[in-house]
Amino acid sequence: MLYYKEVQIVKDQRIFLWKIIKGSREKGHVLTRFDVSKMNIKPCLGCVTCGYEEPCVQKDDNEVIKKALLSSDMLVLATHLYY
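Since this is a predicted model, take the numbers as computed values, not measurements.

The rules behind each value
- Residues numbered from 1 in each chain as written.
- Predicted model: local features only at pLDDT ≥ 70, side-chain atom pairs only at ≥ 80, totals over all residues.
- Heavy atoms only, no water.
- 1 Å grid on protein atoms, 1.4 Å probe; cavity = no way out; pocket = protein on both sides within 12 Å on 5 of 7 lines; lining within 4 Å.
- Points joined across faces, edges and corners; volume = space filled by probe spheres on them.
- Nonpolar A, V, L, I, M, F, W, Y, C, P; charged D, E, K, R; others polar.
- Patch = residues over 30% accessible without salt bridge, like charges linked within 9 Å, V, L, I, M, F, W, Y side chains within 5 Å.
- Areas by Shrake-Rupley, 256 points an atom, 1.4 Å probe, with all protein chains shown as cover.
- Salt bridge = Lys/Arg side-chain N within 4 Å of Asp/Glu carboxyl O.
- Helix = DSSP H or I, 4+ residues; strand = E, 2+ residues; numbered from the N terminus.
- Buried < 20%, exposed > 50% of the residue type's maximum accessible area, 1.4 Å probe, protein only.

K.L.:
Whenever I open this one, the layout of surface pockets confuses me. Can you help?
P.N.:
Gaps between atoms show up when a probe of the same size as a water molecule is rolled over them. Each pocket or cavity is described by its volume, and for the second largest pocket that value is around 170 Å³. Around the second largest pocket, the lining is made up of 16 residues, and of these C44, C50, C56, Q58 and N62 lie nearest the centre. Here the residues of the lining of the second largest pocket sort into eight nonpolar, four polar and four charged.

What follows is the structure, given as structure tokens:
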């Protein structure tokens, strides 16, 4: 599963991601890619409903990501590191 925000990806990150995608597909792996900049994701309310095996009360795209994450074998995050 790939989880990234397209707006913030720079050239080096894009090259890295496409190498992972290409190599994974060549090996027969199934990938799910999420561009969170194009998804409806609301901030957490801290109600802990999702921690009790229930869906998020927000009714946004986080539930789609959660299901994919829980069924995945590997997670790749592409993000900036500021230091």
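K.L.:
What am I meant to see in a nonpolar patch on the surface here?
P.N.:
Together, L69, L75 and L77 make up a nonpolar patch on the protein surface, roughly 250 Å² of accessible area in all. One can find L77 in strand β3 (residues 76–78).

K.L.:
How should I be thinking about the environment of C50 in this particular structure?
P.N.:
Counting through the fold element by element, C50 comes out in the loop between β2 (33–35) and α2 (62–70). C50 sits 16 residues away from K66 along the chain, and the two C-alpha atoms are 9.7 Å apart.

K.L.:
Would you mind going over the environment of Q13 with me for this structure?
P.N.:
Residue placement: Q13 occurs in helix α1 (residues 11–26). When the C-alpha positions of Q13 and A78 are compared, they lie 6.8 Å apart, and in sequence the two are 65 residues distant.

K.L.:
It is not clear to me how the pattern of salt bridges should be interpreted in this structure. Could you clarify?
P.N.:
Two side chains of opposite charge can pair, provided their charged atoms sit close to one another. Applying the stated criterion across every chain yields a total of two salt bridges. With a shortest N-O distance of 3.8 Å, K38 and D35 are connected by a salt bridge. Residue K38 is classed as exposed on the basis of its relative accessible area, which comes to 69%.

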